[in-house]
Amino acid sequence: RYIVFEVISENKITYNDLMNSVWNSMLSFLGELGSSDAKIWVVQNLYKENEQKCVIKCRHDYVEQVRAVLALIQMVGETRATIRILGVTGTIKSARTKYLGEEGK
């Protein structure tokens, strides 16, 4: 599944800072084994830095755990931030059209 979310923060967030925060939250919440089983992949070319929207891929049976991991993030880099889930889809195409506002890709 693909989870589309936006980062609400005081300052702009870079992709690398976001990745570090997601992995730190993932490891502390699910541990190494759970993180490995979830098969997380943050789609770098779908991170919209201006809008701070991103897509993360995970196994279909780990959607709720990954949503919890994202909800637990409070700091991204040196900036206070929170994550708002926009939606969950089964394909990248529907994530792009429904939640990222892209047409025909």
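Residues numbered from 1 in each chain as written. Predicted model: local features only at pLDDT ≥ 70, side-chain atom pairs only at ≥ 80, totals over all residues. Heavy atoms only, no water.

**Student:** How would you sum up the pairing of strand β5 (residues 79-89)? Please name residues and give values.
**Tutor:** Two elements, strand β1 (residues 2-9) and β5, share 8 bridges in a ladder whose sense is antiparallel. Pairing of I8 across the sheet is with T82, part of β5. Pairing analysis gives 2 bridges linking strand β4 (residues 75-76) to β5, with the strands arranged antiparallel. What sits directly across from V76, in β5, is T79. Linking β4 to β5, which pair antiparallel, is a turn of 2 residues; within it G77 sits at a positive phi near 65°. (Pairing = 2+ DSSP bridges. Helix = DSSP H or I, 4+ residues; strand = E, 2+ residues; numbered from the N terminus.)

**Student:** I'd like a rundown of the sheet that holds β5, residues and numbers included.
**Tutor:** Taken together, the 5 strands give an open sheet; going across it, the order is β2-β3-β1-β5-β4, and neighbouring strands pair in antiparallel fashion. If you trace the sheet from one side to the other, it starts and ends with β2 (41-42) and β4, each paired once. Pairing of β1 with strand β3 (residues 53-57) involves 5 bridges; the strand directions are antiparallel. What sits directly across from I3, in β3, is I56. Where helix α3 (residues 92-99) meets the sheet, it contacts β1, β3 and β5, and its direction lies at approximately 115° from that of β5. (Contact = heavy atoms within 4.5 Å. Axes fitted to C-alpha atoms, helices over the stretch in contact; angles between N-to-C directions.)

**Student:** Tell me about the packing of aromatic side chains, residues and numbers included.
**Tutor:** A complete count under the given rule lists 1 aromatic pair for this structure. Between the aromatic rings of Y15 and Y47, the centroid separation amounts to 6.1 Å while the plane-to-plane angle is 50°, which identifies the pairing as tilted. In this pair, Y15 sits in helix α1 (residues 15-38) while Y47 sits in the loop between β2 and β3, placing the two residues 32 residues apart along the sequence. Assigned by exposure class, Y15 and Y47 land together as buried. (Phe/Tyr/Trp six-rings, centres within 6.5 Å; stacked < 30°, edge-to-face > 60°. Buried < 20%, exposed > 50% of the residue type's maximum accessible area, 1.4 Å probe, protein only.)

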